[in-house]
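Residue strings, one per chain:
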Number of protein chains: 2
Amino acid sequence: MDTITRRRAPDDTRAEIIDKALEVAAELGASGFTLDAVAARTTVSKGAVLHHFPTKVALLEGMIDHLGQMHTDGILAEAARDPEPYGRNARAYLRATVTEPVTPQDVSIGRVVMAACAIEPSLARRWRTWVDRVKVDDPSDPVGADDALMLRLLADGLWVSDLFGIHEVSPEQRQALLSLLTPGHPITANDA
Amino acid sequence: MDTITRRRAPDDTRAEIIDKALEVAAELGASGFTLDAVAARTTVSKGAVLHHFPTKVALLEGMIDHLGQMHTDGILAEAARDPEPYGRNARAYLRATVTEPVTPQDVSIGRVVMAACAIEPSLARRWRTWVDRVKVDDPSDPVGADDALMLRLLADGLWVSDLFGIHEVSPEQRQALLSLLTPGHPITANDA
DNA sequence: CGCGACATACCAACCGGACGGTAACTGTCA
DNA sequence: TGACAGTTACCGTCCGGTTGGTATGTCGCG
C-alpha cells in the first residue's frame, strides 16, 4: 500500500551510489576513488555498495553507462534543435562535447573515467560500444563518413585536451570548429 | 684494463631501467606496472630503481620524457622531408602520429601513460609542457593558428581512438586526414 | 518461511617506499 | 703514489597502510 514504512526501493539506492560515486570522483580524483570513500559518502554501507555492484569495475561500468546516457541525451537535444540535416549527427556530437560547460568537476570525472578505461580493457570496450550506438542514431544523415569521423575525432581530441589542459582553446576557436561542417563544402578529399 | 669488475656507468643503468619499464608497460599494462615488476626485469635490484627514480612518479616522468623525445624526433624528421612550408609543422605532428605504426605494444604503453596522466596531475602537466615545446619548433610556419590547432586536436583524437579502439579508421581515411591542410585552402573560418 | 536488501566484521595480499648496509669510485693531501 | 675521507651506486629486506573483496548476521516484507 503505502511505501512509507517500506524499505527504500533498491533502484534508488543504486542510483544514489552512482551519484555519490561521481561526487567522489569529482572531488578526490582517481587516486582517491575507492570503494570505502564511495560507501562513506552514501547513506548505506560498503557491503551495500558491493551488493549492488559486486566489483569495483562493475561500479565504474554503472558510472560510465550513466554518463553515456547523459551525453547521449545532450547529443540528441543538440541534434533536435539543428534544422540542417547535413552532418547534423556528427555536428551534434561535436557541439555537445564542445558547448557543454566543462566544469572542474567534469574534468575530474573525465580523468577518472579515462584512467579506468586505460587500466581496464573491458571499460574501454564499453566506451566503444557507446560510441557505436550513438553513431547509428541517424543513419539518414547525408554527410560523408570521412567528414563525420573527422568531426568526432576532433571532438574527442578537444575533450582530451580539456581534460589534461594540453591546449588553450579560446571560445572563438571553439566556435570556429563548430562551423566546420557545412553542406556543399566537404572537408576531406574522399567526400566529394 | 677489462671493465668486467668495473661498475657500469650510471646513465646506462638509468637507460636500462627506462627501457625495461617500457617493456613492462607494454606487456603487463597499467595494472601490472609495479616497481617490483620493473626491477625484476632489469639486471639491477628494486633498490637501484628507487635510487635512480626516487618515486614511481619520477620513473613515469622519465618514461614520458623518453617517449616525448622519440616522438619529437619523429615529428622533426617528418617536417624535414616536407617541402611545403605551409602548415608543415602541424602536418608533421599529425603525420608522425598517424603514420607511425601503432603496434599493440605502443597501444599498451600509451594506455599506461594515459592512465598515469589521468591519475597524477603533475604528469599531465609534463605532457602539456612537451606539447608547448613542440609547438614552437617552427614559428615561421605561416599556417593559421586555428588550422594548426585543429590538426593537432585531430591527431590527438585519432591517437586516443587507436588506444581504446573506439573508431575503425581505414588507411584511406588516415590518408585523407593527412591531405587536409593545403596552401590556399584554410579549413576553419577564422583563418582567412 | 524465505528471500532480498542491507550491516558489521574481518581478511589477506599487494605495493610503494624506507632503511641499513656494502662495495666501488673520486678527490685530496702528504 | 698511496692512504684516507667522502660520495655515489646499489643491494636485500622489511614494514605497514591501503584496499578490494568475503563471510556471516539481521531485519523487514510478502
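Residues numbered from 1 in each chain as written. Chains lettered and ligands numbered in written order. Predicted model: local features only at pLDDT ≥ 70, side-chain atom pairs only at ≥ 80, totals over all residues.

The name an unreviewed UniProt entry gives chain A is TetR/AcrR family transcriptional regulator, with Brevundimonas intermedia as the organism.

Side note on the overall build of chain A
The helix and strand tally for chain A stands at 9 helices and 0 strands. Across chain A, helices and strands are ordered from the amino to the carboxyl terminus as α-α-α-α-α-α-α-α-α. The proportion of buried residues among the 192 residues of chain A is 38%. Put simply, of all contacts in chain A between residues at least 6 apart along the chain, 70% involve residues at least 24 apart. (Helix = DSSP H or I, 4+ residues; strand = E, 2+ residues; numbered from the N terminus. Buried ≥ 20, exposed ≤ 12 C-beta atoms within 10 Å, placed from the backbone. Contact = placed C-beta atoms within 7 Å.)

A short note on the relation of the copies chain A and chain B
By a simple turn and slide, chain A fits onto chain B: the slide is 0.0 Å along the axis, the RMSD is 0.0 Å, and the turn is 180°. Put plainly, the chains are arranged around a two-fold axis. (Least-squares fit on C-alpha atoms with pLDDT ≥ 70 in both.)

Here's the deal with the UniProt feature "domain: HTH tetR-type" (unreviewed entry) in chain A
UniProt tags residues 11-71 of chain A as "domain: HTH tetR-type" (unreviewed entry). For residues 11-71 of chain A, helix accounts for 85% and strand for 0%, while the C-alpha atoms at its two ends are 21 Å apart. (UniProt positions renumbered as here; feature names shortened; annotations may be inferred.)

Thoughts on the nonpolar core
One finds A115, L151 and L154 of chain A together with A115, L151 and L154 of chain B to be the most contacted residues of the largest nonpolar core, which totals 106 residues. In terms of domain composition, this core takes at least three residues from each of domain 1 (1-54) and domain 2 (56-192) of chain B. Setting aside chain neighbours within four positions, we find A115 of chain A in contact with A30 of chain A together with A115, A118 and I119 of chain B. (Core = buried A, V, L, I, M, F, W, Y, C linked by C-beta atoms within 7 Å. Domains from an automatic or database assignment.)

Digging into the environment of L28 of chain B
All names here are of chain B. Mapped onto the fold, L28 is located in helix α1 (residues 10-32). Taking the number of C-beta atoms within 10 Å as the measure of exposure, L28 has 16 and is therefore partly exposed. Each C-alpha atom, one on L28 and one on E120, is 20 Å from the other, the two residues being 92 residues apart in sequence. The contacts of L28, once residues within four sequence positions are left out, are F33 and A37.

Some remarks on the protein's contact with DNA strand D
Residues and elements named next belong to chain B. P10, V44, S45, G47 and A48 are the nearest of the 22 residues found near DNA strand D. The element best represented in the surface near DNA strand D is helix α3 (residues 46-52), accounting for 5 residues. For the surface near DNA strand D, the class distribution of residues is 5 nonpolar, 9 polar and 8 charged. (Near = placed C-beta within 6 Å. Nonpolar A, V, L, I, M, F, W, Y, C, P; charged D, E, K, R; others polar.)

Section: the packing of helix α4 (residues 56-80) of chain A against helix α7 (residues 121-135) of chain A
Residues and elements named next belong to chain A. With their axes 10 Å apart at the nearest point, α4 and α7 run at an angle of 20° to one another. Here α4 lies roughly parallel to α7, going by the angle between them. For the crossing formed where α4 meets α7, the hand is right-handed. Mapping the contact onto sequence places V57, L60, E61, I64, G68, T72 and I75 in α4 and S122, L123, R126, W127, W130 and V134 in α7. The class makeup of the residues in the contact of α4 with α7 is 8 nonpolar, 3 polar and 2 charged. (Axes fitted to C-alpha atoms, helices over the stretch in contact; angles between N-to-C directions. Parallel < 35°, antiparallel > 145°, perpendicular 65-115°, else oblique. Left-handed = near helix turned anticlockwise from the far one by under 90°.)

Observations regarding the interface of chain A and chain B
Contact residues are listed per partner, giving 38 residues for chain A and 38 residues for chain B. Counting residues per element, the side of chain A that touches chain B draws most heavily on helix α8 (residues 145-164) of chain A, at 12 residues. Broken down by class, the residue content of the side of chain A that touches chain B amounts to 23 nonpolar, 9 polar and 6 charged.

A look at helix α5 (residues 88-99) of chain B
Residues and elements named next belong to chain B. By the criterion of burial, α5 is predominantly enclosed, with 11 of the 12 residues buried. When we look at burial in α5, the residues that qualify are R88, N89, A90, R91, A92, Y93, L94, R95, A96, T97 and V98. Looking at the packing, one finds that the buried side of α5 touches α4 (56-80), α8 (145-164) and α9 (171-178).

Overview of helix α6 (residues 104-119) of chain B
Residue and element names in this part refer to chain B. The terminal C-alpha atoms of α6, which comprises 16 residues, lie 23 Å apart, in line with the 22 Å expected from a rise of 1.5 Å per residue. Across the 16 residues that make up α6, a large majority, 12, are buried. Turning to α6, its buried residues are S108, I109, G110, R111, V112, V113, M114, A115, A116, C117, A118 and I119. (Expected span 1.5 Å × (residues − 1).)

Observations regarding the packing of α1 of chain B against α4 of chain B
Residue and element names in this part refer to chain B. At a minimum axis separation of 10 Å, α1 and α4 run at an interaxial angle of 90°. Overall, the two elements α1 and α4 adopt an arrangement that is roughly perpendicular. Contact with α1, carried on its side by I18, A21 and L22, involves L59, G62, M63 and H66 of α4 and no other residues of that element. Residues of the contact of α1 with α4, tallied by class, amount to 5 nonpolar, 2 polar and no charged.

Some details on the environment of R128 of chain B
Positionally, R128 of chain B belongs in helix α7 (residues 121-135). Residues contacting R128 of chain B, with those up to four places away along its chain left out, are F164, G165 and I166 of chain A.

A look at the UniProt feature "DNA-binding region" (unreviewed entry) in chain A
Within the UniProt annotation, "DNA-binding region" (unreviewed entry) is assigned to residues 34-53 of chain A. Taken end to end, residues 34-53 of chain A is 70% helix and 0% strand, and its first and last C-alpha atoms sit 13 Å apart.

Section: the environment of C117 of chain B
Residue and element names in this part refer to chain B. On the secondary structure map, C117 appears in helix α6. You can call C117 buried: it has 26 C-beta atoms within 10 Å. The spatial distance from the C-alpha of C117 to the C-alpha of V57 is 10.0 Å, given a sequence separation of 60 residues.

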